[in-house]
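Spelled out, the chains give:
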Amino acid sequence: MNIGLIAHDSKKKLMQNFCIAYRGILSKHELYATGTTGRLVEEVTNLNIHKYLAGHLGGQQQLASQIEHNEMDMVIFLRDPLTPKSHEPNVNDVVRLCDTYNIPLATNLATAELLIRALGRGDLEWREIYR
């Protein structure tokens with residue numbers, strides 16, 4: 001399965017810790033991430049991550065394109081809802097596209113853990129058929 005990883009600056013350390021904790025599950029899948037998030041996660045986990053541009057430089061649009069082409073099966077987007085971003089419309093595009101194309105999306109740690117555990121159990125295999 002193809003899994004997208006995005007984290008706002010204040011959530012990057014949380015994303016690193018999440019990926020360390022679930023490295024075993026994540027290592028069995030193709031991982032895609034915006035540039036800085038991908039580099040930081042790769043450094044601490046040694047997972048192979050396909051890195052886009054940095055989010056604000058077009059990485060979120062690259063991920064959005066994969067969603068539109070049904071090439072993404074799940075997105076973990078640890079966002080900071082309390083700090084407005086200058087590129088907020090791009091952020092909302094990813095959320096809207098996940099809703100439009102029926103892509104499981106986690107925007108906080110609690111939902112990310114639920115999705116990753118479901119992935120580990122095989123509960124998301126329906127995506128293979130959906131594609």
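Everything that follows concerns the structure shown earlier in this document.
Structural notes, computed from the coordinates. Everything quoted here is computed from the prediction, not taken from an experiment.

A look at the state of the cysteines
Inspection of every chain in the model, using the stated rule, returns 0 disulfides. In this model Cys19 remains outside any disulfide bridge; the closest cysteine sulfur is found in Cys98, 16 Å from its own.

Here's the deal with the sheet that holds strand β5 (residues 105-106)
If you trace the 5 strands from one edge of the open sheet to the other, you get β3-β2-β1-β4-β5, paired in parallel fashion. Bordering the open sheet on either side are β3 (49-51) and β5, each of which pairs with just one other strand. Direction of pairing for strand β1 (residues 2-7) relative to strand β4 (residues 74-78): parallel, over a ladder of 5 bridges. Paired with Ile6 across the two strands is Phe77, which belongs to β4. This element, helix α3 (residues 35-45), spans β1, β2 (30-33) and β3 of the sheet and lies at about 155° to β3. Helix-sheet contacts for helix α6 (residues 109-121) involve β1, β4 and β5, and the interaxial angle to β4 is about 155°.

Describing the nonpolar core
Counting 23 residues, the largest nonpolar core has Met15, Phe18, Leu26, Met74, Ile76 and Ile116 as the members making the most contacts within it. Contributing elements (two or more residues each) for this core: β1, α1 (12-21), β2, β4 and α6. Of all the elements, α6 adds the most residues to this core, at 4 residues. Not counting the four nearest positions on each side in its chain, Met15 is found in contact with Leu5, Ile6, Ala7, Thr37, Val41, Ile76 and Leu78. Within the second largest apolar cluster, 14 residues are counted, among which are Leu63, Leu97, Cys98 and Leu105.

How each quantity is defined
Residues numbered from 1 in each chain as written. Predicted model: local features only at pLDDT ≥ 70, side-chain atom pairs only at ≥ 80, totals over all residues. Heavy atoms only, no water. Disulfide = S-S within 2.5 Å. Pairing = 2+ DSSP bridges. Helix = DSSP H or I, 4+ residues; strand = E, 2+ residues; numbered from the N terminus. Contact = heavy atoms within 4.5 Å. Axes fitted to C-alpha atoms, helices over the stretch in contact; angles between N-to-C directions. Core = buried A, V, L, I, M, F, W, Y, C linked by side-chain atoms within 4.5 Å. Buried < 20%, exposed > 50% of the residue type's maximum accessible area, 1.4 Å probe, protein only.

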